[in-house]
Amino acid sequence: MEPKQPAAKSPISKPSPGPSNVAQRAEPLYISNRSTKRSTTLLEKAGKVADKGSVDESLEFASALNKDELSPISPLTHLPEEAPKMFDVNKVIEVCGFGRYQCKVLFIMGIMSLADSAEIWLATIVLYNLKCEWELTNYEKAMIPAVIYLFYTIGSTISGTLADRFGRLPVLMVNSYLLLISALCSAFSTSYYFFLCCRAVVGFCIGGSYGTCIVYTAEMVPIKVRSWNMFILEIFWCLGSIYECLAAFFVMELRNGWRIQILLTAIPVLIMLILMHFMEESPRYLTIKGKKEEALSVVAKICTANAKEVPSGDLFCSDVRSPYSALIPLL
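In this text the structure is predicted, and so the values were computed from the model without any measurement.

### Let's talk about the overall build of the protein
Now for step 1: Assigned secondary structure in the protein consists of 13 helices and 4 strands.
Now for step 2: By residue count, 43% of the 331 residues in the protein fall in the buried class.
Now for step 3: If you sum the accessible surface of the protein, you get close to 19100 Å²; carbon and sulfur atoms cover 64% of it.

And the structure:
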(Lines give C-alpha, C1' and ligand atoms only; values in the text may rest on other atoms or scores of the structure.)
Protein backbone atom coordinates (compact mmCIF):
# COMPACT_ATOMS: atom_id res chain seq x y z
CA MET A 1 0.00 0.00 0.00
CA GLU A 2 1.47 3.25 -1.09
CA PRO A 3 2.14 5.76 1.66
CA LYS A 4 -0.01 8.78 1.71
CA GLN A 5 1.49 11.78 0.14
CA PRO A 6 1.20 14.93 2.26
CA ALA A 7 -1.42 17.22 0.92
CA ALA A 8 0.09 20.01 -1.10
CA LYS A 9 -0.38 23.39 0.36
CA SER A 10 -2.64 25.45 -1.74
CA PRO A 11 -0.89 28.51 -3.11
CA ILE A 12 -1.86 31.82 -1.64
CA SER A 13 -4.31 33.29 -3.98
CA LYS A 14 -3.71 36.90 -4.80
CA PRO A 15 -6.62 39.20 -4.22
CA SER A 16 -8.55 40.01 -7.31
CA PRO A 17 -7.68 43.36 -8.71
CA GLY A 18 -10.25 46.04 -8.52
CA PRO A 19 -11.09 49.26 -6.78
CA SER A 20 -13.04 47.48 -4.00
CA ASN A 21 -9.93 45.63 -2.77
CA VAL A 22 -7.87 48.77 -2.69
CA ALA A 23 -10.62 50.58 -0.89
CA GLN A 24 -10.64 47.93 1.87
CA ARG A 25 -6.90 48.22 2.46
CA ALA A 26 -6.63 51.99 2.02
CA GLU A 27 -9.71 53.16 3.88
CA PRO A 28 -10.20 55.60 5.44
CA LEU A 29 -8.86 57.90 2.73
CA TYR A 30 -6.65 60.71 4.00
CA ILE A 31 -5.29 63.73 2.22
CA SER A 32 -2.35 65.78 3.43
CA ASN A 33 -3.10 69.25 4.64
CA ARG A 34 0.60 70.11 4.57
CA SER A 35 1.59 69.10 1.08
CA THR A 36 -0.84 69.27 -1.80
CA LYS A 37 1.80 67.87 -4.14
CA ARG A 38 2.31 64.72 -2.02
CA SER A 39 -1.44 64.20 -1.76
CA THR A 40 -1.79 64.35 -5.52
CA THR A 41 1.02 61.79 -5.91
CA LEU A 42 -0.65 59.39 -3.50
CA LEU A 43 -3.98 59.66 -5.29
CA GLU A 44 -2.30 58.96 -8.62
CA LYS A 45 -0.64 55.92 -7.06
CA ALA A 46 -4.00 54.71 -5.83
CA GLY A 47 -5.23 54.74 -9.39
CA LYS A 48 -2.30 52.61 -10.52
CA VAL A 49 -2.93 50.13 -7.71
CA ALA A 50 -6.55 49.80 -8.74
CA ASP A 51 -5.49 49.07 -12.31
CA LYS A 52 -2.65 46.56 -11.63
CA GLY A 53 -3.96 44.92 -8.47
CA SER A 54 -0.49 44.71 -6.84
CA VAL A 55 -0.61 43.68 -3.17
CA ASP A 56 2.76 45.17 -2.35
CA GLU A 57 1.84 48.51 -3.85
CA SER A 58 -1.50 48.39 -2.02
CA LEU A 59 0.23 47.88 1.31
CA GLU A 60 2.74 50.62 0.55
CA PHE A 61 -0.05 52.97 -0.37
CA ALA A 62 -2.02 52.16 2.78
CA SER A 63 1.08 52.67 4.91
CA ALA A 64 1.77 56.01 3.35
CA LEU A 65 -1.80 57.13 3.93
CA ASN A 66 -1.66 56.28 7.65
CA LYS A 67 1.42 58.38 8.45
CA ASP A 68 1.11 61.06 11.13
CA GLU A 69 1.61 63.91 8.69
CA LEU A 70 -1.73 63.15 7.05
CA SER A 71 -5.04 64.21 8.49
CA PRO A 72 -8.54 63.09 7.58
CA ILE A 73 -10.78 65.09 5.29
CA SER A 74 -13.49 67.01 7.10
CA PRO A 75 -16.58 67.04 4.91
CA LEU A 76 -17.94 70.08 6.78
CA THR A 77 -14.86 72.28 6.51
CA HIS A 78 -14.11 71.51 2.86
CA LEU A 79 -17.52 72.21 1.42
CA PRO A 80 -17.55 75.27 -0.89
CA GLU A 81 -18.87 78.39 0.78
CA GLU A 82 -22.21 79.72 -0.34
CA ALA A 83 -21.77 82.45 -2.96
CA PRO A 84 -22.98 85.92 -1.88
CA LYS A 85 -26.06 87.36 -3.50
CA MET A 86 -25.45 89.52 -6.55
CA PHE A 87 -27.43 92.67 -7.31
CA ASP A 88 -27.42 94.69 -10.52
CA VAL A 89 -26.67 98.29 -9.53
CA ASN A 90 -29.04 99.56 -12.24
CA LYS A 91 -31.88 97.47 -10.81
CA VAL A 92 -31.09 98.72 -7.31
CA ILE A 93 -31.50 102.32 -8.47
CA GLU A 94 -34.81 101.35 -10.06
CA VAL A 95 -36.03 99.72 -6.83
CA CYS A 96 -34.99 102.74 -4.76
CA GLY A 97 -37.19 104.91 -6.97
CA PHE A 98 -37.30 108.70 -6.95
CA GLY A 99 -37.13 109.98 -3.39
CA ARG A 100 -35.38 112.44 -1.11
CA TYR A 101 -31.92 111.50 -2.30
CA GLN A 102 -32.78 112.04 -5.96
CA CYS A 103 -34.39 115.40 -5.10
CA LYS A 104 -31.12 116.49 -3.50
CA VAL A 105 -29.13 115.41 -6.56
CA LEU A 106 -31.55 117.13 -8.94
CA PHE A 107 -31.45 120.39 -6.97
CA ILE A 108 -27.63 120.55 -6.80
CA MET A 109 -27.23 119.65 -10.47
CA GLY A 110 -29.91 122.24 -11.26
CA ILE A 111 -27.84 124.92 -9.50
CA MET A 112 -24.89 123.84 -11.66
CA SER A 113 -27.02 124.19 -14.78
CA LEU A 114 -28.15 127.64 -13.62
CA ALA A 115 -24.55 128.75 -13.00
CA ASP A 116 -23.37 127.50 -16.40
CA SER A 117 -26.18 129.30 -18.17
CA ALA A 118 -25.44 132.56 -16.37
CA GLU A 119 -21.75 132.38 -17.32
CA ILE A 120 -22.62 131.76 -20.96
CA TRP A 121 -24.98 134.76 -21.10
CA LEU A 122 -22.49 137.02 -19.33
CA ALA A 123 -20.32 137.53 -22.42
CA THR A 124 -23.24 138.97 -24.38
CA ILE A 125 -24.28 141.34 -21.60
CA VAL A 126 -20.87 142.89 -20.82
CA LEU A 127 -19.72 143.09 -24.43
CA TYR A 128 -20.85 146.69 -25.01
CA ASN A 129 -19.19 147.95 -21.80
CA LEU A 130 -15.93 146.22 -22.71
CA LYS A 131 -15.96 147.84 -26.14
CA CYS A 132 -16.27 151.29 -24.62
CA GLU A 133 -13.65 150.75 -21.90
CA TRP A 134 -10.98 149.06 -24.00
CA GLU A 135 -11.95 150.49 -27.39
CA LEU A 136 -12.38 147.07 -29.00
CA THR A 137 -12.75 146.49 -32.71
CA ASN A 138 -15.56 144.39 -34.13
CA TYR A 139 -13.11 141.53 -34.61
CA GLU A 140 -12.04 141.65 -30.95
CA LYS A 141 -15.65 141.79 -29.83
CA ALA A 142 -16.53 138.71 -31.88
CA MET A 143 -13.56 136.79 -30.49
CA ILE A 144 -14.97 136.76 -26.92
CA PRO A 145 -18.08 134.56 -27.51
CA ALA A 146 -16.24 132.58 -30.21
CA VAL A 147 -13.45 131.58 -27.81
CA ILE A 148 -15.96 130.65 -25.11
CA TYR A 149 -17.88 128.25 -27.35
CA LEU A 150 -14.71 126.83 -28.89
CA PHE A 151 -13.33 125.85 -25.50
CA TYR A 152 -16.82 124.70 -24.45
CA THR A 153 -16.56 122.02 -27.15
CA ILE A 154 -13.04 121.03 -26.13
CA GLY A 155 -13.96 120.87 -22.44
CA SER A 156 -17.01 118.68 -22.98
CA THR A 157 -14.95 116.16 -24.97
CA ILE A 158 -11.95 115.94 -22.64
CA SER A 159 -13.93 116.07 -19.40
CA GLY A 160 -16.19 113.28 -20.61
CA THR A 161 -13.24 110.93 -21.02
CA LEU A 162 -11.79 112.01 -17.67
CA ALA A 163 -15.17 111.36 -16.01
CA ASP A 164 -15.05 107.76 -17.27
CA ARG A 165 -11.53 107.32 -15.93
CA PHE A 166 -11.46 109.21 -12.63
CA GLY A 167 -15.13 109.52 -11.71
CA ARG A 168 -18.02 111.90 -12.22
CA LEU A 169 -17.74 113.77 -8.93
CA PRO A 170 -13.98 114.62 -9.10
CA VAL A 171 -14.43 116.03 -12.62
CA LEU A 172 -17.40 118.11 -11.49
CA MET A 173 -15.46 119.45 -8.51
CA VAL A 174 -12.33 120.36 -10.49
CA ASN A 175 -14.34 122.06 -13.25
CA SER A 176 -16.36 124.02 -10.70
CA TYR A 177 -13.29 125.26 -8.83
CA LEU A 178 -11.62 126.31 -12.08
CA LEU A 179 -14.83 128.01 -13.18
CA LEU A 180 -15.02 130.05 -9.97
CA ILE A 181 -11.35 131.06 -10.10
CA SER A 182 -11.40 132.05 -13.77
CA ALA A 183 -14.66 133.99 -13.34
CA LEU A 184 -13.21 135.99 -10.44
CA CYS A 185 -10.00 136.64 -12.36
CA SER A 186 -11.95 137.97 -15.34
CA ALA A 187 -13.77 140.40 -13.02
CA PHE A 188 -10.45 142.06 -12.17
CA SER A 189 -8.99 141.97 -15.68
CA THR A 190 -7.03 145.02 -16.77
CA SER A 191 -6.46 144.02 -20.40
CA TYR A 192 -8.43 142.52 -23.24
CA TYR A 193 -6.20 139.47 -23.75
CA PHE A 194 -6.16 138.53 -20.08
CA PHE A 195 -9.95 138.76 -20.06
CA LEU A 196 -10.09 136.61 -23.20
CA CYS A 197 -7.91 133.89 -21.61
CA CYS A 198 -10.06 133.87 -18.48
CA ARG A 199 -13.26 133.46 -20.48
CA ALA A 200 -11.65 130.67 -22.50
CA VAL A 201 -11.10 128.76 -19.23
CA VAL A 202 -14.70 129.54 -18.27
CA GLY A 203 -15.93 128.02 -21.53
CA PHE A 204 -13.79 124.92 -21.00
CA CYS A 205 -15.15 124.42 -17.48
CA ILE A 206 -18.78 124.96 -18.51
CA GLY A 207 -18.48 122.34 -21.25
CA GLY A 208 -16.91 119.83 -18.86
CA SER A 209 -19.26 120.40 -15.95
CA TYR A 210 -22.55 120.53 -17.84
CA GLY A 211 -22.01 117.31 -19.82
CA THR A 212 -20.85 115.41 -16.74
CA CYS A 213 -23.76 116.89 -14.78
CA ILE A 214 -26.25 115.32 -17.19
CA VAL A 215 -24.55 111.90 -17.05
CA TYR A 216 -24.33 111.97 -13.25
CA THR A 217 -28.02 112.87 -12.90
CA ALA A 218 -29.06 110.14 -15.35
CA GLU A 219 -27.12 107.51 -13.38
CA MET A 220 -28.65 108.50 -10.05
CA VAL A 221 -32.34 108.43 -11.01
CA PRO A 222 -34.60 105.61 -12.28
CA ILE A 223 -35.07 105.21 -16.02
CA LYS A 224 -38.78 106.00 -15.95
CA VAL A 225 -38.16 109.53 -14.59
CA ARG A 226 -34.96 110.43 -16.45
CA SER A 227 -36.77 112.32 -19.21
CA TRP A 228 -38.48 114.82 -16.93
CA ASN A 229 -35.34 115.10 -14.79
CA MET A 230 -33.48 116.29 -17.88
CA PHE A 231 -36.37 118.67 -18.52
CA ILE A 232 -35.98 120.13 -15.02
CA LEU A 233 -32.26 120.68 -15.65
CA GLU A 234 -33.20 122.69 -18.74
CA ILE A 235 -35.63 124.74 -16.63
CA PHE A 236 -32.72 125.61 -14.32
CA TRP A 237 -30.74 126.62 -17.43
CA CYS A 238 -33.52 129.06 -18.33
CA LEU A 239 -33.58 130.36 -14.75
CA GLY A 240 -29.87 131.11 -15.08
CA SER A 241 -30.57 133.27 -18.12
CA ILE A 242 -33.31 135.12 -16.23
CA TYR A 243 -31.01 135.62 -13.22
CA GLU A 244 -28.30 137.10 -15.45
CA CYS A 245 -30.69 139.53 -17.13
CA LEU A 246 -32.18 140.69 -13.82
CA ALA A 247 -28.72 141.29 -12.35
CA ALA A 248 -27.73 143.29 -15.43
CA PHE A 249 -30.88 145.43 -15.12
CA PHE A 250 -29.77 146.71 -11.69
CA VAL A 251 -25.97 146.98 -11.96
CA MET A 252 -24.86 147.53 -15.54
CA GLU A 253 -25.50 151.29 -15.40
CA LEU A 254 -23.25 151.66 -12.37
CA ARG A 255 -19.56 152.53 -12.53
CA ASN A 256 -17.59 149.34 -13.21
CA GLY A 257 -20.96 147.70 -13.60
CA TRP A 258 -19.57 144.92 -15.78
CA ARG A 259 -17.15 143.90 -13.02
CA ILE A 260 -20.00 143.81 -10.49
CA GLN A 261 -22.01 141.78 -13.00
CA ILE A 262 -19.24 139.16 -13.22
CA LEU A 263 -19.05 138.92 -9.42
CA LEU A 264 -22.83 138.46 -9.16
CA THR A 265 -22.65 135.76 -11.84
CA ALA A 266 -20.07 133.86 -9.75
CA ILE A 267 -22.44 133.58 -6.75
CA PRO A 268 -24.34 130.49 -8.10
CA VAL A 269 -20.97 128.82 -8.76
CA LEU A 270 -19.94 129.36 -5.14
CA ILE A 271 -23.26 127.98 -3.86
CA MET A 272 -22.90 124.96 -6.10
CA LEU A 273 -19.39 124.24 -4.79
CA ILE A 274 -20.63 124.27 -1.19
CA LEU A 275 -23.53 121.93 -1.97
CA MET A 276 -21.37 119.50 -3.94
CA HIS A 277 -19.54 118.48 -0.75
CA PHE A 278 -22.77 116.73 0.31
CA MET A 279 -22.83 114.51 -2.79
CA GLU A 280 -21.48 110.99 -3.35
CA GLU A 281 -19.94 109.35 -6.38
CA SER A 282 -22.16 107.49 -8.80
CA PRO A 283 -22.60 103.86 -7.59
CA ARG A 284 -22.70 102.70 -11.20
CA TYR A 285 -19.24 104.15 -11.84
CA LEU A 286 -17.88 102.68 -8.59
CA THR A 287 -19.24 99.23 -9.48
CA ILE A 288 -17.70 99.30 -12.96
CA LYS A 289 -14.32 100.28 -11.48
CA GLY A 290 -14.48 97.41 -8.96
CA LYS A 291 -14.93 99.65 -5.89
CA LYS A 292 -17.82 97.58 -4.63
CA GLU A 293 -17.54 98.51 -0.95
CA GLU A 294 -17.80 102.21 -1.77
CA ALA A 295 -20.67 101.49 -4.15
CA LEU A 296 -22.51 99.56 -1.42
CA SER A 297 -21.98 102.47 0.96
CA VAL A 298 -23.55 104.92 -1.52
CA VAL A 299 -26.42 102.52 -2.24
CA ALA A 300 -27.04 102.20 1.50
CA LYS A 301 -27.30 106.01 1.80
CA ILE A 302 -29.73 106.14 -1.14
CA CYS A 303 -31.91 103.37 0.32
CA THR A 304 -31.88 104.94 3.77
CA ALA A 305 -32.86 108.37 2.42
CA ASN A 306 -35.68 106.83 0.36
CA ALA A 307 -36.83 104.51 3.19
CA LYS A 308 -36.00 101.36 1.22
CA GLU A 309 -34.41 98.10 2.33
CA VAL A 310 -30.62 98.07 1.96
CA PRO A 311 -29.48 95.12 -0.22
CA SER A 312 -27.06 92.64 1.36
CA GLY A 313 -24.57 91.20 -1.14
CA ASP A 314 -22.28 92.18 -3.99
CA LEU A 315 -23.03 94.62 -6.78
CA PHE A 316 -22.40 94.23 -10.50
CA CYS A 317 -23.28 96.32 -13.54
CA SER A 318 -25.09 94.66 -16.41
CA ASP A 319 -24.35 97.57 -18.77
CA VAL A 320 -20.73 98.72 -18.56
CA ARG A 321 -20.78 100.87 -21.69
CA SER A 322 -20.43 104.55 -20.86
CA PRO A 323 -22.05 107.42 -22.76
CA TYR A 324 -18.55 108.85 -23.21
CA SER A 325 -16.85 105.62 -24.36
CA ALA A 326 -17.42 106.40 -28.01
CA LEU A 327 -15.26 109.52 -27.69
CA ILE A 328 -12.15 107.75 -26.30
CA PRO A 329 -10.74 106.68 -29.70
CA LEU A 330 -10.89 110.31 -30.86
CA LEU A 331 -8.32 111.43 -28.25
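Don't stop here, the text continues.
### Here we look at the pattern of salt bridges
Now for step 1: Counted by the stated rule, this structure contains 7 salt bridges.
Now for step 2: In this structure, the salt-bridge partner of Glu 280 is Lys 104, at a minimum N-O distance of 3.9 Å. Of this pair, Glu 280 sits in the loop between helix 11 (267-276) and helix 12 (283-288) while Lys 104 sits in helix 5 (residues 100-134), placing them 176 residues apart in sequence.
Now for step 3: With relative accessibility at 27%, the residue Lys 104 sits in the partly exposed group.
Now for step 4: One salt bridge in this structure joins Glu 280 and Lys 301, with 3.6 Å as the shortest N-O distance. With Glu 280 in the loop between helix 11 and helix 12 and Lys 301 in helix 13 (residues 292-305), this pair connects stretches of sequence that are 21 residues apart.
Now for step 5: The network of salt bridges with common partners includes Asp 164, Arg 168, Glu 219 and Arg 284.

### Describing the side chain of Ser 282
Now for step 1: Mapping Ser 282 onto the fold places it in the loop between helix 11 and helix 12.
Now for step 2: Since its relative accessible area comes to 0%, Ser 282 is described here as buried.
Now for step 3: At 2.6 Å, the side chain of Ser 282 forms a polar contact with the side chain of Glu 219.
Now for step 4: Contact partners of Ser 282, with chain neighbours within four places excluded, come to Arg 168, Tyr 216, Glu 219 and Met 220.

### Digging into the state of the cysteines
Now for step 1: The full count for this structure, using the stated rule, is 0 disulfides.
Now for step 2: As a non-bridged cysteine, Cys 96 has Cys 303 as the owner of its nearest cysteine sulfur, 3.3 Å distant.
Now for step 3: This cysteine, Cys 197, is not joined by any disulfide, and Cys 198 carries the nearest cysteine sulfur, 7.0 Å off.

### Focus: helix 13
Owing to its 3.6 residues per turn, the α-helix brings residues three or four apart onto one side.
Now for step 1: With 14 residues, helix 13 should reach 20 Å at 1.5 Å per residue; the first-to-last C-alpha distance of 20 Å fits that figure.
Now for step 2: When helix 13 is considered as a whole, its buried residues turn out to be Ala 295, Val 298, Val 299, Ile 302 and Cys 303. The arc that holds every buried residue of helix 13, seen down its axis, measures 140 degrees, which confines them to one face. The exposed set on the far side of helix 13, more than 90 degrees from its buried face, consists of Glu 293 and Thr 304.
Now for step 3: Remark: Ala 307 follows helix 13 within two positions and exhibits a positive phi of approximately 60 degrees.

### Some thoughts on helix 11
Now for step 1: The complete set of buried residues in helix 11 reads Pro 268, Val 269, Met 272, Leu 273 and Met 276. The arc that holds the buried residues of helix 11, viewed along the axis, is 140 degrees, so those residues lie on one side.
Now for step 2: Among the structural elements, helix 5, helix 7 (168-187), helix 9 (226-251) and helix 10 (257-265) are those in contact with the buried residues of helix 11.

### What to know about unusual backbone geometry
Now for step 1: A positive phi is found at Glu 135, a non-glycine position, where the angle reads about 55 degrees.
Now for step 2: Turning to its location among the elements, Glu 135 is positioned in the loop between helix 5 and helix 6 (138-166).
Now for step 3: Overall, Glu 135 belongs to the exposed group, its relative accessible area being 68%.
Now for step 4: One non-glycine residue, Asn 256, lies in positive phi territory at about 55 degrees.
Now for step 5: If you trace the backbone, Asn 256 turns up in the loop between helix 9 and helix 10.
Now for step 6: Classification of Asn 256 by relative accessible area gives partly exposed; the value is 38%.

### Quick look at the environment of Ala 163
Now for step 1: The residue Ala 163 is located in helix 6 in this model.
Now for step 2: Given the relative accessible area of 0%, Ala 163 is considered buried.
Now for step 3: For the pair formed by Ala 163 and Ser 209, sequence separation is 46 residues and the distance between their alpha carbons is 9.9 Å.

### Points about the nonpolar core
Now for step 1: In this structure, Met 109, Leu 130, Ile 144, Phe 195, Trp 258 and Met 276 are the most contacted members of the largest nonpolar core, which totals 64 residues.
Now for step 2: Once residues within four sequence positions are removed from consideration, Phe 195 is found in contact with Val 126, Leu 130, Trp 134, Ile 144, Ser 186, Ser 189, Trp 258 and Ile 262.

Rules used in this analysis
- Residues numbered from 1 in each chain as written.
- Predicted model: local features only at pLDDT ≥ 70, side-chain atom pairs only at ≥ 80, totals over all residues.
- Heavy atoms only, no water.
- Helix = DSSP H or I, 4+ residues; strand = E, 2+ residues; numbered from the N terminus.
- Buried < 20%, exposed > 50% of the residue type's maximum accessible area, 1.4 Å probe, protein only.
- Areas by Shrake-Rupley, 256 points an atom, 1.4 Å probe, with all protein chains shown as cover.
- Salt bridge = Lys/Arg side-chain N within 4 Å of Asp/Glu carboxyl O.
- Polar contact = N/O pair within 3.5 Å; in protein donor to acceptor, adjacent residues only side chain to side chain.
- Contact = heavy atoms within 4.5 Å.
- Disulfide = S-S within 2.5 Å.
- Expected span 1.5 Å × (residues − 1).
- Arc of directions from axis to C-beta.
- Core = buried A, V, L, I, M, F, W, Y, C linked by side-chain atoms within 4.5 Å.

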